[in-house]
Amino acid sequence: IYYQEITKHAFTMGEWIISMSVGPLYRFASNDTHKTALREILNGSKLCALAVSEMSAGSDVANIETTATKTADGTHYIVNGTKYWITTGHR
């Protein structure tokens with residue numbers, strides 16, 4: 001059912017990108033995130049992007065140097081680092 005719902009929205013990315021992006025959200029995110037972000041991804045109103053590759057680490061996730069730190073008010077993240085490719089970053 002998951003893949004049927006995803007393909008209804010004519011994503012141009014491979015299904016594996018969705019799996020790699022949604023899998024961690026599904027496994028580790030709060031129930032509130034499940035109710036909002038996952039629903040929006042499945043209905044096509046949110047896109048998934050995968051930003052792993054870095055010049056110094058390639059796609060070796062154990063050596064990624066980019067960091068994300070929440071702002072003091074907890075509403076945003078400050079991302080510091082450089083990515084080489086971002087899958088679906090053009091959207």
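No experiment lies behind these values; they were computed from the predicted model shown.

Across its full length, the protein holds 3 helices and 2 strands. Burial status across the protein gives 20% buried among its 91 residues. Long-range contacts, defined here as pairs at least 24 residues apart, represent 49% of the contacts in the protein between residues at least 6 apart. Approximately 6,700 Å² of the protein is accessible, and the part contributed by carbon and sulfur atoms is 55%.

With that settled, the discussion passes to a nonpolar patch on the surface. Taken together, the side chains of Met55, Tyr84 and Trp85 present a nonpolar region at the surface, about 410 Å² in accessible area. Position of tyrosine 84 relative to the elements: it lies in the segment after β2 (77-80). Given the relative accessible area of 43%, tyrosine 84 is considered partly exposed.

To continue, consider the side chain of glutamate 54. Along the polypeptide, glutamate 54 turns up in the loop between α3 (31-42) and β1 (67-70). Judged by relative accessible area, which is 5%, glutamate 54 ranks as buried. Polar side-chain contacts of glutamate 54 include one of 3.0 Å to the side chain of lysine 83.

Next up on the list: α3. With 12 residues, α3 should reach 16 Å at 1.5 Å per residue; the first-to-last C-alpha distance of 16 Å fits that figure. Downstream of α3 by a residue or two, glycine 44 has a phi angle that is positive, lying close to 90°.

Okay, the pairing of β2 next. In this sheet, β2 lies alongside β1 in antiparallel orientation, the contact comprising 4 bridges. For threonine 69, the partnering residue across the bridge sits in β2 and is isoleucine 78. Taking the residues between adjacent antiparallel strands as the criterion, β1 and β2 are bridged by 6 residues, where glycine 74 takes a positive phi near 75°.

The rules behind these values
Residues numbered from 1 in each chain as written. Predicted model: local features only at pLDDT ≥ 70, side-chain atom pairs only at ≥ 80, totals over all residues. Heavy atoms only, no water. Helix = DSSP H or I, 4+ residues; strand = E, 2+ residues; numbered from the N terminus. Buried < 20%, exposed > 50% of the residue type's maximum accessible area, 1.4 Å probe, protein only. Contact = heavy atoms within 4.5 Å. Areas by Shrake-Rupley, 256 points an atom, 1.4 Å probe, with all protein chains shown as cover. Patch = residues over 30% accessible without salt bridge, like charges linked within 9 Å, V, L, I, M, F, W, Y side chains within 5 Å. Salt bridge = Lys/Arg side-chain N within 4 Å of Asp/Glu carboxyl O. Polar contact = N/O pair within 3.5 Å; in protein donor to acceptor, adjacent residues only side chain to side chain. Expected span 1.5 Å × (residues − 1). Pairing = 2+ DSSP bridges.

Fair warning: the whole summary comes from geometry, so function is off the table for now.
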